[in-house]
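Topology and contacts: notes
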Amino acid sequence: MKYDVVIIGGGITGTAIAHELARFQCKTILLESGTDVAFSATKQNGGVIHPGYDPHPGTLKAKLNPPGARMFPRLSKELGFKIRHTGTLVVAYSDKDLHTVDELLENAKANGVEGVEKLNASQLRAREPHISDQAVGALLANTTVMVDPFEVAIAYMENAMENGVELGLCQKVRKIRKRAEEDFIVYTEDKQYETRFIVNAAGVHADDVAAMAGIYEFKMQGRHGNLCVLDKVMPIHTVMFPCPGPDTKGIALIPTVSGNCLIGSTATMREDKYDVTNDAPGIEELIEGAKLLIPEFDPKCIIRTFAGQRPVALDNGNDFYIKESDTVKGFIHAAGIQSPGIASSPAIAEYVRDLLADAGLDLKERADYDPYRQPIPDFSDLSLEEQDALIKEDSRWGKIVCRCETVPEGEIVAAIHRTLGARTVEGVKRRTRAGMGRCQSGFCQYKVMQILSRELGIPEEEVLFEEKGAQVLFGKIKG
């Protein structure tokens, strides 16, 4: 099958690029090794849309973060994903920290970020009364918003598919061959794809994918981070960071779009790119970080812990690595997309679009392109009148499956039958929040499995938790 562009990797970067290329008359497919998009680093993320005061001026992060962040209010309206305006506080505890705040203010000015100001201690406590008494001031970025990164990636890809972009799930790339005719053949376990251009958005595995094409221009390593999910009890409204270190923004308290808070994240370089296990010292570091910001923090409100790896391009100044290969023409790297990768994603997509155009891709806009996507109705956010209307139309909307998050059967069925429908328990969870509440799917998981089994026409024993081969059930105990 012949394509103009093959995108490798279905995280926030790959899906954003797919969404951007859908505007044009080019044949594009995205290949993802997992059973869904947002399968790796994107789902292991805090979801802060950093406005761009942090990147050093002159870096690619500084170039792409501010314009990318400014696009999110428009994208939220077009694509139907949730957004929450929180602002960001970078909290100072010493004169040295206040000097860092001044430096971040200068960064903001250099990067063209508006709505950033310095608060004294009394102004800080007026905004967040529970902040530590040791805090002496803060940087406030008023324009910061929150998203669920996996919801954004799903929205990007679903809209791209509705505009003609193809998606290949469970398509792990095994081999890439560059042909003399100036195109490539991409081999997966069971298929092959001919293409003029490749965009490598494979996260921590971007160097492994590049090596398949004989490219050894950079090395990737994962920066491992533990995170905690808190019950909906934290008395804060603003994303709060301590003053940053050289490689990380520090342990933050993050109010999410859905009412929970996260603590995140630790930062440890790991050799094993697949290691997303939690560790006790990391969780303790998170708890201490939360107490630094809010001394009354009670670890008993933690309902889940998880971990992820941010893709770091080594020896690259802690910056993004986005460029056409120096040695293999038509091969575009979109690598090293660590924080602020979510915030930068729409601007990264435009940057990659321009790299493809410079490399020879003819980009003619589609007359029938539709930028809008209709989201699944969130039953818990609807008025009683709107809920009643849905139930009268389909009684399954009146059968609550997830009590913690008020998710009915009708919402789960709708998520399964989307353009990019849920096919796993975790896929349902990311689209509806069924299983994300206080009991962490203790009551609803089997009901979700039954619905998946029925709607997909497969036995319950074949329903996947998430990864291929990871069934939840392995047969009946009795009968």
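Here, the structure is the one placed above.
All of these numbers come straight from a predicted model, not from anything done at the bench.

The rules behind these values
- Residues numbered from 1 in each chain as written.
- Predicted model: local features only at pLDDT ≥ 70, side-chain atom pairs only at ≥ 80, totals over all residues.
- Heavy atoms only, no water.
- Phe/Tyr/Trp six-rings, centres within 6.5 Å; stacked < 30°, edge-to-face > 60°.
- Helix = DSSP H or I, 4+ residues; strand = E, 2+ residues; numbered from the N terminus.
- Buried < 20%, exposed > 50% of the residue type's maximum accessible area, 1.4 Å probe, protein only.
- Salt bridge = Lys/Arg side-chain N within 4 Å of Asp/Glu carboxyl O.
- Pairing = 2+ DSSP bridges.
- Right-handed = clockwise from strand over helix to strand, strands pointing away.
- Axes fitted to C-alpha atoms, helices over the stretch in contact; angles between N-to-C directions.
- Parallel < 35°, antiparallel > 145°, perpendicular 65-115°, else oblique.
- Contact = heavy atoms within 4.5 Å.
- Nonpolar A, V, L, I, M, F, W, Y, C, P; charged D, E, K, R; others polar.
- Core = buried A, V, L, I, M, F, W, Y, C linked by side-chain atoms within 4.5 Å.

As for the packing of aromatic side chains
- Tallied over the full model, the rule gives five aromatic pairs.
- Between Phe218 and Tyr321, the ring centres sit 4.7 Å apart and the planes meet at 35°, which makes this aromatic pair tilted. Within this pair, whereas Phe218 is found in the loop between helix H7 (206-212) and strand S13 (220-230), its partner Tyr321 is found in strand S19 (residues 321-324), the two being separated by 103 residues in sequence.
- On the accessibility criterion, Phe218 (9% relative accessible area) is buried.

Regarding the pattern of salt bridges
- Applying the stated rule across the entire model yields 36 salt bridges.
- With its nearest N and O atoms 2.7 Å apart, the salt bridge here joins Arg454 to Glu409. On the criterion of sequence distance, the pair formed by Arg454 in helix H13 (residues 445-456) and Glu409 in helix H11 (residues 409-416) is long-range, its members being 45 residues apart.
- According to the relative accessible area criterion, Arg454 is partly exposed, its value standing at 45%.
- By sharing partners, the salt bridges in this structure join Glu20, Arg23, Arg353, Asp354 and Glu365 into a single network.

Re the sheet that holds strand S4 (residues 84-85)
- Here we have three strands laid out as an open sheet, ordered S3-S8-S4, and antiparallel in their pairing. Each edge of the open sheet is held by one strand with a lone partner, namely strand S3 (48-49) and S4.
- One ladder, built from two bridges, connects S4 with strand S8 (residues 145-146); its direction is antiparallel. Along S8, the bridge assignment pairs His85 with Val145.

Here we look at the pairing of strand S7 (residues 137-141)
- Counting buried residues along S7, five of its five residues qualify, which places the element largely inside the surrounding structure.
- Burial of S7 is two-sided: the residues Gly137, Leu139 and Ala141 facing one way and the residues Ala138 and Leu140 facing the other way are all buried.
- In this sheet, S7 lies alongside strand S5 (residues 88-92) in antiparallel orientation, the contact comprising five bridges. Paired with Thr88 across the strands is Ala141, a residue of S7.
- Summarising the sheet, strand S6 (residues 116-120) and S7 pair through five bridges and their orientation is antiparallel. Looking at the pairing, Glu117 lines up with Leu140 of S7.

A few points about the pairing of strand S1 (residues 2-8)
- Of all the seven residues making up S1, six are buried; the element is thus mostly covered by neighbouring parts of the structure.
- Bridge count for S1 against strand S12 (residues 192-200) is six bridges, and the pairing is parallel. Within S12, the position partnered with Val6 by the bridge is Ile198.
- Where S1 meets strand S2 (residues 28-31), four bridges bridge the pair, whose relative direction is parallel. Following the sheet pairing, Val6 is matched in S2 by Ile29.
- Taken together, S1, helix H1 (residues 12-21) and S2 constitute a β-α-β crossover, and its handedness is right-handed.

Notes on the packing of helix H2 (residues 60-70) against helix H9 (residues 341-358)
- Here H2 crosses H9 at 110°, and the two axes come no closer than 6 Å. Here H2 lies roughly perpendicular to H9, going by the angle between them. Packed against H2, whose contacting residues are Leu60, Lys63, Leu64, Asn65, Pro67, Gly68 and Ala69, the element H9 presents Ala343, Ser344, Pro346, Ala347, Ile348 and Tyr351 at the interface.
- Of the residues in the contact of H2 with H9, the class split is nine nonpolar, three polar and one charged.

Re the nonpolar core
- In this structure, Val199, Ile322, Val352 and Leu356 are the most contacted members of the largest nonpolar core, which totals 53 residues.
- Sorting the residues of this core by element identifies S1, H1, H2, helix H3 (72-79), helix H6 (149-162), S12, strand S20 (331-335) and H9 as the ones contributing at least two each.
- Core analysis: the second largest hydrophobic core is formed by 26 residues, Ala135, Met234, Ile236 and Phe297 among them.

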